[in-house]
Amino acid sequence: MALPPFAALPDPGQAGTLDDLAERLRALKVWAGDPSYETITGRINAAWAEAGRPRGELAGKSTVADCFRAGRRRVNADLVAAVVQALHPDPGYVSQWRQALQVVEGQARAATQVRVQDALPEELDSFTGRAAELGRLRVALGNGVPVVLSGMAGVGKTQLAVHAAGRFREEGLADRVLFVNLRGFHPDPAQPPAQPAAVLDGFLRLLGVPGHQVPHELDARTAAFRERLAGSRTLVVLDNAADEETVRPLLPATPGCPVLVTSRRTLAGLPDAAHLAVEVFTAAEAVSLLTRAATGVPVGADPAAATRIAERCGHLPLAVGLVAGHIRGATGWTLTDHADRLDQRHRQRRLDAGVQLALDLSYRRLDADRRRLLRLAAAHPGPDLDAYAAAALTGIDPDTAGAGLRDLGADHLLLRAAAGRYTFHDLVRAFAAERSRDEDPPAERRAALTRVFDLYLAGAAAAADIQHPGEAHRRPPVPAPGTPLPPMADPLAARAWLDAERPTLVAMAAHAATQGWPAHATRLSPILFRYLQGGGHSADALTVHGHAHRAARAAGDTGGAALALGSLGVTYRRLGHYDQAAELLQRAQALFRQIGDSDGEARALTNLGGVEERRGRLRPAADHYERALELSRRSGDRSAESAALSNLGFLESRLGDHERAAERQAQALALNRAAGDVIAAAGAQTNLGAANTRLGRHRLAARHLRQALSAYQRLGNRAGEACVLDELGTLHARLAQPALAADFHRRSLAIVTAIGQRDGEVWALNGLGEAAHLGGRPAEALAHHEAAHTLAADIGDLDQQARAHAGLGAAHRALDQRALARRHLRHAVTLYAELGVPEADRIRTDLAALDEDRSGAA
C-alpha cells in the first residue's frame, strides 16, 4: 500500500485486522517523508520525557520498528498512538487511530475466545445412513492420517463427524477426545474464526499443562501440544474450519492420534490428509430420515410420496429434517398431500433450492405468533436465548415464549443448546433475519432489541445488587424492564444467571455500543465490573469496558468514559500489563477530577496505587492511597474509604509495620460489614489474616482467612478465593507444615492460571518454591522460583522478582552451589533495597552467613 508524498492520509478506520493497521502505519510513515526509525523514536521519547515519563520507560528503536511489522497478535496501543503522533501531530487524527486500535483489538480478543471440550457434543437421535462414509472414515482414522470432511452448509458434516468419533471411541480405538468448534463460517461478525493459539492454549490446559507453562508463541504451543499427546490415543475433532492456516498448527502429527476436520472448503493444502466430500443424502437415506421422523403419518394415494418429498428437499439433511418437522405438525395431511404441495410450489418456482423450500414451508405452517418469535429471535445478539429473552423480544409472557421456543425446536427451526436454551443453525438464522427485514418494520425490530437489552441490563443490575449490595451506590440506576426478570433469590442464583448469560451480555455490549444503544453499553460496564473481575473473565472485561468507553466518548458522556477507563485499568493490572493500566487509570482520574466526581477520583487513585505497588514504586503508591483516603472521607464514601484503608494496610505490611497494617485492615473490615459489602469484607479479612500471620498470631490469622475463603467460595469469586488460598499457604509455611502449604499454593495456582491472572501466578509459584525448600526439595524449589522469576520479569513485578531471587539463592545454597546462591541473593538485596522493604536486611544476613560458610570451609 505504498503512497507517494502528499497523498491522502491513510484511514485507520478501514482496518479490520492488526496487519491492516500495520500496513496503514507503514503508509503513514511514507506519507510523512519516510523518516528513519531512529528519528521516530527520538520524537516519541522527547514527547514522553517532556510529559514526565521516567527514563527507564522510554521507547527503544527496535520496539518502535516492531510496530510496523505484520504478523503480530498483540500491539502496544499507546506506543502506536505515539508513533502516529510523531508522524502527524494532529490530535483528531491520533484519536482516530486510538479508536481503530480499540476496535481491532476487540475483534482480536473475540478471536481468542474459544470453548474447547474433552468430550463430544450431544448426538442427534435422528442420525441416519452414511454407511459408506462411516466405513471410509473408520479406515482413514485407523491409519492415523488427518481426515477432512468437506461439503456445503446443512449437509450434516458435524453430525457425521460426531457420530464417527463416538463410534471410534466406543470401539476402543481412542482413549480420549478433544473437540473444538473453530467458528470458521459463523454468520455473526462478532464471533470471528478462532485463533489457533487460543485453541492450543485450551487444549494444553485440558491435557494438564499449568497455565504458566503454556508457551506464548504459536509454534511453541504446537510443539508442546504434540509432545503432550505423545504416547496417547487421542482423537482430535476440529469442527467448522475456515482454512488450512487455522488447521495446520492444530494437527497432532503424533502416531496414534488421528484428527478429524470439518469445513465448507476442501482444504486441499493440508499435507497427507484424506479428503472425504460429504454429499447430500442418497434417495434412500433421505426417505429413511423422513419416514422415521414422520412415523404415524399416513402415506395417502401415492406410495412414492416420501421419495417425491425427499427429491423436492434436494436430499439435503437440514432441509429433510425441517420438512419432517412441518409434516409432524400438520394434522390430517397425508404424505401424498405434502408431496403434492411441494410439487405445486416447485412448479410456481417460488423457491427451488432445497433448503430454502424447506425453510419456507416450515415457516409458513407456523402460526403468526411463532413466526414473529422466530423472526425476532434471529436479531438476538447472543449465541443462545431462553424464555425470558424470547418474552422480551416479543413482548409476551415467559411461559408462552418458552412454549414457542419448544415448538420451534420440535420443528427443527431451533436447536436445543442446553436445558431451556435454544440456538440457530446459521442458515435458519439468515433465513429468519431476512424474513424479519421483509415483514417487521424497523421501529418494531428496534423496539424488540430495546426490550431485550432492558431485560439484560436490569437482570445484570439485580444480580449485582444481590451479590454486592455494599457497592450499589457505585452502579448506575436501572429502571425495571417491561417484561419479567428471571427469579434470583440468593447470590448463588444470581451467579448462575450471570454465568449462563455472560456470552450474551458481552455480545450485547458490542451491539449496543455500535448499533445505537450507547447508554446500555455505558451502564452495563460498571454493573458487570465486579462480576467480571472476580470471576477472572479478563477478555470479556476488556471487551465490555472497551465498548463502554467508545460509546461514552461518542455520546459525550465524560463520567461514563471515566468509569470505563478505570475498569479497563483494573483489568490490565490483573493481567500484569502495568504500563497500560497506569495510563488508563491516570486518564480516568483526570476525567473524574474534571467533572468534580471525588468518589470516582478516589477509586481511580486507589487502583493507581495498586499498579505502582506492583511496579515496586511504594512511595508513589502510598501517596495515591493517602490522597484517596482523604477524598473518600471528605465525600463520605465509606466504600472508597475502606478500599483505601485496606490498600494502605497492605502496603504498610510490606514495609514491615504489621501492627499498623492490622489496625488499618480492622478499620476497613468494620466499614465493609456496616455497609453489608461481603466481597470487600472478605478482602479486608484476607489482608487482616496476612498481617496476623506475620505478627505470629497464627490462630487468629487462620480464622480470618477461613472466613474470607468461605465468603469468596459462596459468591463464586475465584480471584479472591485464589488470593486467600495463597495466604493460607504462607500461613502453613510459617507453621512449618510444607505439605499443607504446597497444597494451598497449588490450589491457588490452578485458579489464577485458569482465569489468566498473571500477578497471582507469580505469587503462587514463589509460594510453591518456598514450600518445596521448607520440605527439603531444593531442586523442585529451583523450578518454581525460576518460573516465578521469568513471569515476574515479564510483567515488571519487582517485589516478586526479588522474592524469586531470594528463593533461588536459598535453593542453590541447599544444593551447595554457593556461587549461584551468592549471585541470586545479591540480586535480591539490590531489588529489596530499591523497594525499601525490610527483607533487604534479612537477605544481607543470609549473604553474610554464606560468606561465613565459605571462610569456615577454607
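Residues numbered from 1 in each chain as written. Predicted model: local features only at pLDDT ≥ 70, side-chain atom pairs only at ≥ 80, totals over all residues. Heavy atoms only, no water.

1. Quick notes on the overall build of the protein
Right, on to step 1. Tallying secondary structure elements over the protein gives 38 helices and 8 strands in all.
Right, on to step 2. Taking 2.2 N^0.38 as the reference for a compact globule, 858 residues should give roughly 29 Å; the C-alpha atoms of the protein span a radius of gyration of 30 Å, in line with that estimate.
Right, on to step 3. Seen through its principal axes, the protein has C-alpha atoms that stretch 105 × 70 × 60 Å.
Right, on to step 4. The buried share of the protein, reckoned over its 858 residues, is 54%.
Right, on to step 5. Expressed as a percentage of contacts within the protein between residues at least 6 apart in sequence, the contacts between residues at least 24 apart total 66%.
Right, on to step 6. Within the structure as shown, the protein displays about 35,100 Å² of accessible surface, and the carbon and sulfur contribution to it stands at 52%.
Right, on to step 7. The positive charge centre, built from 100 side chains, and the negative charge centre, built from 98, are 1 Å apart in the protein. (Helix = DSSP H or I, 4+ residues; strand = E, 2+ residues; numbered from the N terminus. Rg over C-alpha atoms; globule rule 2.2 N^0.38 Å. Buried < 20%, exposed > 50% of the residue type's maximum accessible area, 1.4 Å probe, protein only. Contact = heavy atoms within 4.5 Å. Areas by Shrake-Rupley, 256 points an atom, 1.4 Å probe, with all protein chains shown as cover. Lys, Arg positive; Asp, Glu negative; His and termini not counted. Charge placed at Lys NZ, Arg CZ, Asp CG, Glu CD.)

2. Considering the nonpolar core
One recurring pattern in soluble globular proteins is that nonpolar side chains are buried together.
Right, on to step 1. Ranked by internal contacts, the top residues of the largest apolar core, which has 57 residues, are Leu374, Leu413, Phe424, Val452, Trp497, Leu524 and Leu528.
Right, on to step 2. Of the residues forming this core, the biggest block, 11 residues, is contributed by helix α20 (residues 442-467).
Right, on to step 3. Judged by nonpolar contacts, the second largest core, of 51 residues, contains Val724, Leu728, Phe744 and Ala764. (Core = buried A, V, L, I, M, F, W, Y, C linked by side-chain atoms within 4.5 Å.)

3. Here's the deal with unusual backbone geometry
Right, on to step 1. Phi is positive for Asp34, close to 55°, though the residue is something other than glycine.
Right, on to step 2. You can see Asp34 is positioned in the loop between α1 (18-31) and α2 (37-50).
Right, on to step 3. With phi around 60°, Asp816 is a residue other than glycine that occupies positive phi space.
Right, on to step 4. As for its position among the elements, Asp816 is in the loop between α36 (798-814) and α37 (818-835).
Right, on to step 5. We classify Asp816 as exposed; its relative accessible area is 52%.

4. Brief notes about the pattern of salt bridges
Right, on to step 1. Under the counting rule described, the total for this entry stands at 48 salt bridges.
Right, on to step 2. Residues Asp386 and Arg421 are paired through a salt bridge, measuring 3.9 Å at the closest nitrogen-oxygen approach. Residue Asp386 is found in the loop between α16 (368-377) and α17 (387-394), and its partner Arg421 is found in strand β8 (residues 421-423); the two are separated by 35 residues along the sequence. The residues Asp386 and Arg421 share a single accessibility class, namely buried.
Right, on to step 3. Here Arg758 ties to Asp794 by a salt bridge, and the two come within 2.1 Å at their closest N and O atoms. (Salt bridge = Lys/Arg side-chain N within 4 Å of Asp/Glu carboxyl O.)

5. Details of the side chain of Glu285
Right, on to step 1. Relative to the helices and strands, Glu285 is located in helix α11 (residues 283-293).
Right, on to step 2. Buried Glu285, no salt bridge; nearest opposite-charge side chain is Arg130, N-O distance 4.4 Å.
Right, on to step 3. At 3.1 Å, the side chain of Glu285 and the backbone nitrogen of Thr282 are in polar contact. (Polar contact = N/O pair within 3.5 Å; in protein donor to acceptor, adjacent residues only side chain to side chain.)

6. Considering the environment of Ile396
Right, on to step 1. Inspection of the secondary structure assignment puts Ile396 in the loop between α17 and α18 (398-410).
Right, on to step 2. Along the sequence, Ile396 and Trp31 sit 365 residues apart, while their C-alpha atoms lie 58 Å from each other.
Right, on to step 3. The contact partners of Ile396, leaving out residues within four places of it in the chain, are Ala391 and Ala401.

7. A short note on the side chain of Thr262
Right, on to step 1. Turning to its location among the elements, Thr262 is positioned in strand β5 (residues 259-263).
Right, on to step 2. Here the side chain of Thr262 touches Asp239 through a polar contact of 2.4 Å, side chain to side chain.

8. Here we look at the environment of Thr234
Right, on to step 1. Residue placement: Thr234 occurs in strand β4 (residues 234-241).
Right, on to step 2. The spacing of Thr234 and Pro258 is 24 residues in sequence and 7.0 Å in space, taken between C-alpha atoms.
Right, on to step 3. Here Thr234 is in contact with Arg176, Leu178, Leu229, Gly256, Cys257 and Pro258, once residues within four sequence places are set aside.
Right, on to step 4. Here the side chain of Thr234 touches Ser232 through a polar contact of 3.0 Å, side chain to side chain.

9. Thoughts on the packing of α17 against α20
Right, on to step 1. For the pair α17 and α20, interaxial distance at closest approach is 7 Å and the crossing angle is 140°. With respect to their mutual orientation, α17 and α20 come out oblique. Remark: the crossing between α17 and α20 carries right-handed chirality. Contact residues: Tyr388, Ala389, Ala392, Leu393 and Thr394 in α17; Ala448, Arg451, Val452, Leu455 and Tyr456 in α20. (Axes fitted to C-alpha atoms, helices over the stretch in contact; angles between N-to-C directions. Parallel < 35°, antiparallel > 145°, perpendicular 65-115°, else oblique. Left-handed = near helix turned anticlockwise from the far one by under 90°.)

10. Describing the packing of aromatic side chains
Right, on to step 1. Evaluated as defined, the whole model comprises 7 aromatic pairs.
Right, on to step 2. Aromatic side chains Phe203 and Phe225 sit 5.6 Å apart centroid to centroid with 20° between the ring planes, which places their arrangement in the stacked category. With Phe203 in helix α8 (residues 196-206) and Phe225 in helix α9 (residues 218-229), this residue pair connects regions lying 22 residues apart in the sequence. The pair Phe203 / Phe225 is uniform in exposure class, with both members buried.
Right, on to step 3. With 6.5 Å between their ring centres and 40° between their planes, Tyr456 and Trp497 make a pair best called tilted. Of the two residues, Tyr456 is situated in helix α20 and Trp497 in helix α21 (residues 491-514); the sequence distance between them amounts to 41 residues.
Right, on to step 4. Overall, the relative accessible area of 1% leaves Tyr456 in the buried class.
Right, on to step 5. Across the ring face of Tyr363, the terminal group of Arg371 is positioned such that the distance to the ring centre comes to 5.4 Å. (Phe/Tyr/Trp six-rings, centres within 6.5 Å; stacked < 30°, edge-to-face > 60°. Lys NZ or Arg CZ within 6 Å of the ring centre and 35° of its normal.)

11. A word on the sheet that holds strand β1 (residues 116-117)
Right, on to step 1. Across the sheet, which stays open at both edges, the 6 strands sit in the order β1-β3-β4-β5-β2-β6 with mixed pairing between neighbours. Edge positions in the sheet fall to β1 and β6 (274-277), since each has one partner strand and no second.
Right, on to step 2. In this sheet, β5 lies alongside strand β2 (residues 147-150) in parallel orientation, the contact comprising 4 bridges. Each bridged residue has a counterpart across the sheet, and for Ser150 the counterpart in β5 is Ser263.
Right, on to step 3. Against the sheet, helix α6 (residues 131-142) makes contact with β2, β4, β5 and β6, and its axis sits at roughly 170° relative to β6, the strand it touches most. (Pairing = 2+ DSSP bridges.)

12. Focus: α2
Since the α-helix packs 3.6 residues into each turn, any two residues three or four apart lie on the same face.
Right, on to step 1. Taking 1.5 Å of rise per residue, 14 residues should cover 20 Å, and α2 covers 20 Å from first to last C-alpha, within 8% of that figure.
Right, on to step 2. In this structure, the buried side of α2 is in contact with α1, α3 (61-66) and α4 (77-87). (Expected span 1.5 Å × (residues − 1).)

13. Some words on the pairing of β2
It is a general feature of regular strands that their side chains alternate between the two faces of the sheet.
Right, on to step 1. Of the two faces of β2, both are covered, the one formed by Val147 and Leu149 as well as the one formed by Val148 and Ser150.
Right, on to step 2. In this sheet, β6 lies alongside β2 in parallel orientation, the contact comprising 4 bridges. Within the sheet, the bridge partner assigned to Ser150 lies in β6 and is Ala277.

14. Thoughts on the environment of Gly767
Right, on to step 1. Mapped onto the elements of the fold, Gly767 is located in helix α34 (residues 758-774).
Right, on to step 2. Gly767 sits 71 residues away from Pro838 along the chain, and the two C-alpha atoms are 19 Å apart.

15. Digging into the confidence of the model for the protein
Caution is warranted with low-pLDDT regions, since their predicted coordinates should not be read in detail.
Right, on to step 1. Summarising the model, the protein shows a mean pLDDT of 86, and 93% of its residues fall at 70 or more.
Right, on to step 2. Low confidence marks residues 1-7, where pLDDT is under 50. Its contacts with residues over four positions away, or in another chain, come to 9 contacts.
Right, on to step 3. A low-confidence stretch, residues 348-352 (pLDDT under 50), is modelled with 6 contacts involving residues beyond four sequence positions or located in other chains. (pLDDT = per-residue confidence, 0-100.)

16. Focus: helix α30 (residues 678-694)
Right, on to step 1. Taking 1.5 Å per residue as the helical rise, α30 with its 17 residues ought to reach 24 Å, and the 24 Å between its terminal C-alpha atoms agrees with that figure.
Right, on to step 2. When you tally the buried positions in α30, you get 14 out of 17 residues, the bulk of the element.

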